[in-house]
Amino acid sequence: MRVLVITGAGVSAESGIPTFRGKDGYWRNLDPIRLATPEAFARDPELVWEWYRERRQRICDAQPNASHEAIARLAQCADEFLLVTQNVDDLHERAGVAKAEMVQIHGDIFATRCSRCDFSYTGRGGSSELPADHADEPECERLRSNAPTSENDGNLSRCPKCDALMRPGVIWFGEPLPLRETERVESYLQSDSCGVVIVAGTTATFGYIIDWALRARRRGGELIEVNPEETPLSRFATRLVREPAAIALPRLVDRMIN
């Protein structure tokens, strides 16, 4: 069985990670959609970094939920599998989905990259680019410490190659999707169609979500939408599951693999 799973913020929300568009998404009465932009970073990089440091902390404190675990089980049983997630957290990875089978299409919140050149580091897997003074720290502590704040560093971190400001390794509103990641999705879609496509916890407001889902099941595969609310994808789905992902996905996956 060849499987494509697409997940959005609703999946992580069930682990306590606020969605941008939900009522709990606001930070200090500021709209996250206005903070997650290149313009906001240019205007007040210290404020943006403070917000991302708190987001990193919250993610480190969170745990994968039943939907993350169900997707990881499905990945282990499928003949071919790809997870495309809009989430920038590491909950899918911590639940057991291999990096090789996952595309974080909006980036990785624990990555730190230059705002001008291609220098970056994540600290995962003992990266040689990770600052040496963090090497012995637990991963979450180490990655959080890479985010500069006025409390722990009088100046924002700068790129060792070009001296531009370092920024979180996520895709902000108004920025294009990362080419390397979109090419991985395209390669998976072009090699063959999928028998099952699951789209869970996303409002599907970005056209590429619908495009990828429909192309993946182009030869008549099943398209399952898991979302409590109707989305632009709903009318194309072969099955609608109007429940939260943490409730619906374990049941769906059990039926698929047993």
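One structure accompanies this document, and this report is about it. (Residues numbered from 1 in each chain as written. Predicted model: local features only at pLDDT ≥ 70, side-chain atom pairs only at ≥ 80, totals over all residues. Heavy atoms only, no water.)

### Quick notes on the environment of aspartate 192
Within the secondary structure, aspartate 192 sits in the loop between helix H8 (179-191) and strand S7 (196-200). Considering only alpha carbons, one finds aspartate 192 and arginine 218, 26 residues apart in sequence, at a separation of 9.4 Å. In this structure the side chain of aspartate 192 is engaged in a polar contact, spanning 3.1 Å, whose partner is the side chain of arginine 219. (Helix = DSSP H or I, 4+ residues; strand = E, 2+ residues; numbered from the N terminus. Polar contact = N/O pair within 3.5 Å; in protein donor to acceptor, adjacent residues only side chain to side chain.)

### As for the packing of H8 against helix H9 (residues 207-216)
The N-to-C vectors of H8 and H9 enclose an angle of 25 degrees; their axes lie 9 Å apart at closest approach. Judged by the angle between their axes, H8 and H9 are roughly parallel. Remark: the crossing between H8 and H9 carries left-handed chirality. Along its contact with H8, which presents Thr182, Val185, Glu186, Leu189 and Gln190, the element H9 presents Trp212, Arg215 and Ala216. A per-class count over the contact of H8 with H9 returns four nonpolar, two polar and two charged. (Axes fitted to C-alpha atoms, helices over the stretch in contact; angles between N-to-C directions. Parallel < 35°, antiparallel > 145°, perpendicular 65-115°, else oblique. Left-handed = near helix turned anticlockwise from the far one by under 90°. Contact = heavy atoms within 4.5 Å. Nonpolar A, V, L, I, M, F, W, Y, C, P; charged D, E, K, R; others polar.)

### Section: helix H5 (residues 66-77)
Compared with the 16 Å implied by 1.5 Å per residue over twelve residues, the 17 Å span of H5 between its first and last C-alpha is a close match. For H5, the set of buried residues is Ser67, His68, Ala70, Ile71, Ala72, Leu74 and Ala75. Of the surrounding secondary structure, the elements contacted by the buried residues of H5 are strand S1 (2-7), helix H1 (9-13), strand S2 (80-85), helix H6 (91-95), S7 and helix H10 (245-257). (Expected span 1.5 Å × (residues − 1). Buried < 20%, exposed > 50% of the residue type's maximum accessible area, 1.4 Å probe, protein only.)

### Concerning the nonpolar core
If you look at the biggest cluster of nonpolar residues, it comprises 24 residues, and the most contacted ones within it are Val5, Phe81, Ile198, Val226 and Leu249. Breaking this core down by element, the ones donating at least two residues are S1, H5, S2, S7, strand S8 (222-226) and H10. For valine 5, the contacting residues outside a window of four places in its chain are Ile71, Leu74, Phe81, Leu82, Leu83, Val84 and Ile198. Counting residues in hydrophobic clusters, the runner-up holds 22 residues, among them Tyr208, Trp212, Leu223 and Ala237. (Core = buried A, V, L, I, M, F, W, Y, C linked by side-chain atoms within 4.5 Å.)

### A short note on the sheet that holds S8
Here we have six strands laid out as an open sheet, ordered S3-S2-S1-S7-S8-S9, and parallel in their pairing. With partners counted over all chains shown, the strands left at the sheet margins are strand S3 (102-104) and strand S9 (239-241), one partner each. On average, each strand axis in the sheet is inclined to that of its neighbour by 15 degrees, with strand direction left out of account. Looking at chain direction, S8 and S9 are connected through three bridges and run parallel. Bridge pairing in S9 places isoleucine 224 opposite arginine 239. (Pairing = 2+ DSSP bridges.)

### So, the pairing of strand S6 (residues 166-170)
Across the five residues that make up S6, a large majority, five, are buried. Relative to S6, strand S4 (residues 107-114) is paired through four bridges, and the arrangement is antiparallel. Residue pairing for S6: cysteine 114 is matched across the bridge by methionine 166.

### Re helix H4 (residues 45-61)
Within an α-helix, residues lying three or four positions from one another point in the same direction, as the helix has 3.6 residues per turn. Compared with the 24 Å implied by 1.5 Å per residue over 17 residues, the 24 Å span of H4 between its first and last C-alpha is a close match. For H4, the full list of buried residues reads Pro45, Val48, Trp49, Trp51, Tyr52, Arg55, Arg56, Ile59 and Cys60.

### Quick notes on the sheet that holds strand S5 (residues 120-121)
Within the open sheet, the three strands sit side by side as S5-S4-S6. Their pairing is antiparallel. Where the open sheet ends on each side, the last strands, each with one partner, are S5 and S6. Pairing between S4 and S5: two bridges, direction antiparallel. Paired with threonine 112 across the strands is tyrosine 121, a residue of S5. Strands S4 and S6 of the sheet are contacted by H4, whose axis makes an angle of about 145 degrees with S4.

### Describing the packing of aromatic side chains
This model, assessed by the stated rule, comprises six aromatic pairs. Ring centres of phenylalanine 119 and tyrosine 121 lie 6.0 Å apart, and the angle between their planes is 70 degrees; this geometry places the pair in the edge-to-face category. On the basis of relative accessible area, phenylalanine 119 is assigned to the buried category, the value being 8%. The exposure class of tyrosine 121 is buried, given its relative accessible area of 9%. Judged by centre distance (5.0 Å) and plane angle (55 degrees), the rings of tyrosine 208 and tryptophan 212 are tilted. With tyrosine 208 and tryptophan 212 both in helix H9 and four residues apart, this pair spans about one turn of that helix. Here tyrosine 208 matches tryptophan 212 in class, with each residue buried. Within the aromatic cluster, the residues linked to one another by ring pairs are Phe41, Trp51, Tyr52 and Trp172. Cation over ring: arginine 167 sits above tryptophan 172, and NZ or CZ is 3.7 Å from the ring centre. (Phe/Tyr/Trp six-rings, centres within 6.5 Å; stacked < 30°, edge-to-face > 60°. Lys NZ or Arg CZ within 6 Å of the ring centre and 35° of its normal.)

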